[in-house]
Amino acid sequence: MKDVKPGKWNNLFEVDVKCTEAQCGATFTAEEVDVKARNHSGNNDFYVKCPICGTTLQIPTEKIPLRVQEQLNKKRK
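The rules behind each value
Residues numbered from 1 in each chain as written. Predicted model: local features only at pLDDT ≥ 70, side-chain atom pairs only at ≥ 80, totals over all residues. Heavy atoms only, no water. Pairing = 2+ DSSP bridges. Helix = DSSP H or I, 4+ residues; strand = E, 2+ residues; numbered from the N terminus. Polar contact = N/O pair within 3.5 Å; in protein donor to acceptor, adjacent residues only side chain to side chain. Contact = heavy atoms within 4.5 Å. Core = buried A, V, L, I, M, F, W, Y, C linked by side-chain atoms within 4.5 Å. Buried < 20%, exposed > 50% of the residue type's maximum accessible area, 1.4 Å probe, protein only. Salt bridge = Lys/Arg side-chain N within 4 Å of Asp/Glu carboxyl O.

Enquirer: Is there a simple way to think about the sheet that holds strand 4 (residues 46-49) in this case?
Expert: Either a parallel or an antiparallel arrangement is found when strands of a sheet pair, and the pairing is made through backbone hydrogen bonds. Within the open sheet, the 3 strands sit side by side as 3-4-5. Their pairing is antiparallel. Each end of this open sheet is capped by a strand with a single partner; those strands are strand 3 (36-37) and strand 5 (56-59). Relative to strand 4, strand 3 runs antiparallel, the two being bridged by 2 bridges. Paired with Lys36 across the strands is Tyr47, a residue of strand 4.

Here it is in structure tokens:
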């Protein structure tokens, strides 16, 4: 192959998140390193922790690029 253009595959991933804890309500930008995969769960179950109160917040699969999903699914226990 030649003249391969990578497209969006290697773009850095960030997602804006709002904490759902009623007494917190913080908003923050989560980066790739902040997103985790739940262990002992089916594929495509991802979360971040609020940096203010520590609440676990679900990240919808459709917001996470396939490249990041594949990396995270490999780390599951």
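Enquirer: What is the right way to look at the side chain of Asp45 in this model?
Expert: With respect to the helices and strands, Asp45 occurs in the loop between strand 3 and strand 4. A polar contact is formed between the side chain of Asp45 and the side chain of Gln58, at a distance of 2.8 Å. Setting aside chain neighbours within four positions, we find Asp45 in contact with Lys36, Ala37, Arg38, Gln58 and Arg76.

Enquirer: Is there a simple way to explain the nonpolar core in this structure?
Expert: General note: in soluble globular proteins, nonpolar side chains tend to be found buried as a group. Within the largest apolar cluster, 17 residues are counted, with the highest numbers of intra-cluster contacts made by Val17, Phe28, Val35, Val48, Leu57 and Ile64. Residue assignment for this core shows that the elements contributing at least two residues are strand 1 (14-18), strand 2 (27-31), strand 4, strand 5 and helix 1 (66-74). Other than its neighbours up to four places away in sequence, Val35 contacts Phe13, Phe46, Tyr47, Val48, Ile64 and Leu72.

Enquirer: Sorry, what's going on with the pairing of strand 4 here?
Expert: Within a regular beta strand, the side chains point alternately toward one face of the sheet and then the other, so they alternate between its two faces. Pairing analysis gives 4 bridges linking strand 4 to strand 5, with the strands arranged antiparallel. If you follow Val48 over to strand 5, its bridge partner there is Leu57. Count of turn residues in the strand 4/strand 5 antiparallel hairpin: 6 residues, of which Gly54 carries a positive phi of about 85°.

Enquirer: Quick question: what am I supposed to make of the pattern of salt bridges here?
Expert: When their charged atoms lie close together, side chains carrying opposite charge are able to pair. In total, this model carries 2 salt bridges according to the counting rule given. With a closest N to O distance of 2.7 Å, Arg67 and Glu32 form a salt bridge. Placement of the pair is Arg67 in helix 1 and Glu32 in the loop between strand 2 and strand 3, with a sequence separation of 35 residues. Owing to a relative accessible area of 10%, Arg67 belongs among the buried residues under this scheme.

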